Each structure stands twice: as C-alpha cells, then as structure tokens.
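# Observations on the three-dimensional arrangement
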Amino acid sequence: MAEKRWIAETLFDDLGFRMTYAVERVLYEMRTEHQHLVLFEHKYFGKMLMLDGATQVTARDEFIYQEMMSHVPIFAHGRAKEVLIIGGGDCGIAEEVLKHKSVARLTQVEIDASVIEFSKEHFPEFTGPVFADKRFESVIADGMKYVAETGRRFDVIIVDSTDPQGPGAVLFTREFYANCKKCMAKGGVMVTQNGVPFFQPGELISSVGHFRQLYADGSCYVAAIPTYVGGHMAMGWAADDAKLRQTPVETIAERYKAAGSFPTQYWTPEVHKAAFALPRFIAEHVAKA
C-alpha cells in the first residue's frame, strides 16, 4: 500500500512550525505562471486549496472568512451599490456579496485566469451562482494596475489577497492602498485580509499605519477561522467615514432584515458589532500603527 501523502503549510517556517494535513486524494496540482496550487481532499476539512504552502480555503470553514469579508463592510456602509473585489478567484466572497440585493454591480479583478478556470471546475458551488448573476463582472488583470488606472468609483472594496509573498506582496503597500482610496466613492470602505496578529503582527501594524495616513479611519476587526492557525484573523478596515465602524447593532439588524435576512453560518448583527472589540494585544498592535 502506498504511503499516505502529507501536505504541509509552510507559511510559518520562519517561526519553526508547520501544520500538516493528511491527504485522502489529490484532486488537482499545478504550477501556474504565478503560483503553486494544490487542491486535495481531507477527511475532516473536505476540499482544501493551498497556494504556495498557505491554506486558502477549505470546504469545512470557508463560510467564516467569506461572510466576514463581505457582510461586515456592506452592512456597515448601508448603501453599497458598486463593489470591487481584488483577488478572490475562487468566487466564495463574490457569492456572499451577491446575496445583497442592494449591490448593482460587482467587479472582481483576479490576476491569474487559470485560478478562475480551476474554480469553475472544482468550486462550482461558488462560481455557478456568481457567473450566472448579471451583476457580476470578471476582470483578469493585475489588481495593483487596475486600481491605479480605473476611472470608476466603488462604495466597498474587498481585498482578498494571499499573504504578502509572491504576487500578493504588492497588495500590502502604501501605493496600492492610496490607489484604492483614489477609486473609492465618497463614504466608502475597504477591507483587507491582514493575517493572524498572534504570528504576523507586522503585517497588521504596517497596513493600519498606511490606512491612517490615507483614510479618515483605519483599524481592524477579527474572526476566528480554524484553518488559519493562530487564533484570531484580522480583517483590515479603512473607511472614508469614521462613523461606519461604530454603526449600532440595531441599525445593522434593520439592514439585514431589509436585505431579506438571508441565511448565514457565522455572521450575525451581534457578531458584526462584537468583531470590532479587539483583544488587548491586537488593540496594542493597532495603536502602534
């Protein structure tokens, strides 16, 4: 009998540890022009996608990240019609965004066309409803270049990037955040994937520092995602209106009801409000920014 293959997450090699997953079967593996991608079946987490040794999505817990990256900014904003996603080729966040009837158009800018084709084949549960929705526009382009050059304005910008390595590194720069500000509509908000503060404090401190130089409000909110090892994950928050982060839970609940109270598995109006209450060590990282 062939020896079972194990696939390691190498993201924290510099800290001296790895999370390793036993593979039931490899569904797909390729090295694209931009990254090494492997999709495999795990007996507990189901389908797991790893890019360059970092877990991106698992069937078991994807709902947490996707709901918190989409519903928090959209419900905080309250009137979002134009939404931009940078990255997000698996279309999981796009599927959540499109549950909001108020969104008139969703533009997704993904650098790697092969990620979209791959997702259509292996994540039809996300891509099916998204590509069938007339409000969805898929753009294959460099996100950095797109925000620098577009003449359009967006109410909500969601940066669903990989970690700051390889092609994702540029999406953590001041220049990128400044270009996002340029294409943000008045009263807009941007959220970003900002890693696990327990292991990656520098990433959060750097991003929030840039936000505070460029936007009226810069901070983060948190969610606990089992396969993003290290406790809380931080979602960066940059808003044109400092009051958006303080939106009362009653207002969020009213907006949710008006949106049709669609089913969620993690996000609730109460969780939305509570996510901005930061554990002290994370609040201290944010204060350093």
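What comes next concerns the included structure.

Parameters and conventions
- Residues numbered from 1 in each chain as written.
- Predicted model: local features only at pLDDT ≥ 70, side-chain atom pairs only at ≥ 80, totals over all residues.
- Heavy atoms only, no water.
- Pairing = 2+ DSSP bridges.
- Helix = DSSP H or I, 4+ residues; strand = E, 2+ residues; numbered from the N terminus.
- Axes fitted to C-alpha atoms, helices over the stretch in contact; angles between N-to-C directions.
- Contact = heavy atoms within 4.5 Å.
- Salt bridge = Lys/Arg side-chain N within 4 Å of Asp/Glu carboxyl O.
- Buried < 20%, exposed > 50% of the residue type's maximum accessible area, 1.4 Å probe, protein only.
- Right-handed = clockwise from strand over helix to strand, strands pointing away.

## Section: the sheet that holds strand E11 (residues 184–193)
Strand pairs in the sheet, formed through backbone hydrogen bonds, run parallel or antiparallel to each other. Taken in spatial order, the 7 strands line up as E9-E8-E7-E10-E11-E13-E12 in an open sheet, and their pairing is mixed. In the strand order of this sheet, the two ends are held by strand E9 (136–140) and strand E12 (217–224), each with one partner. Neighbour-to-neighbour, the strand axes of this sheet turn through a mean angle of 20 degrees, independent of strand direction. The pairing of strand E7 (residues 82–87) with strand E10 (residues 154–160) spans 5 bridges and is parallel. Each residue of the ladder has a partner; that of valine 83, found in E10, is valine 156. Sitting on the sheet, helix H1 (residues 62–77) touches E10, E11, E12 and strand E13 (232–239), and the angle it makes with E10 is about 160 degrees.

## Remarks on the pattern of salt bridges
The tally for this structure, following the rule as stated, stands at 13 salt bridges. A salt bridge links lysine 4 to glutamate 24, with the shortest nitrogen-to-oxygen separation between them at 3.4 Å. Placement of the pair is lysine 4 in the segment before strand E1 (6–9) and glutamate 24 in the loop between strand E2 (19–22) and strand E3 (25–31), with a sequence separation of 20 residues. On the accessibility criterion, lysine 4 (42% relative accessible area) is partly exposed.

## Topic: the sheet that holds E3
With antiparallel pairing, the 4 strands of this open sheet are ordered in space as E3-E4-E5-E6. Each having just a single partner strand, E3 and strand E6 (54–58) make up the two edges of the open sheet. For this sheet, the mean inter-axis angle between neighbouring strands, taken without regard to orientation, is 20 degrees. Relative to strand E5 (residues 46–51), strand E4 (residues 36–42) runs antiparallel, the two being bridged by 6 bridges. For leucine 37, the partnering residue across the bridge sits in E5 and is leucine 51.

## Observations regarding the pairing of strand E8 (residues 105–110)
With 5 of its 6 residues buried, E8 lies for the most part within the structure. Bridge count for E7 against E8 is 5 bridges, and the pairing is parallel. Across the sheet, glutamate 82 pairs through a bridge with arginine 105, a residue of E8. Viewed along the sheet, the connection from E7 through helix H2 (residues 92–97) into E8 turns out right-handed. With 5 bridges connecting them, E8 and E9 associate as parallel partners.

## Description of the pairing of E1
Burial along E1 is one-sided: the face carrying Ile7 and Glu9 is buried and the face carrying Trp6 and Ala8 is not. Across 4 bridges, the pairing between E1 and E2 is antiparallel. Looking at the pairing, tryptophan 6 lines up with alanine 22 of E2.

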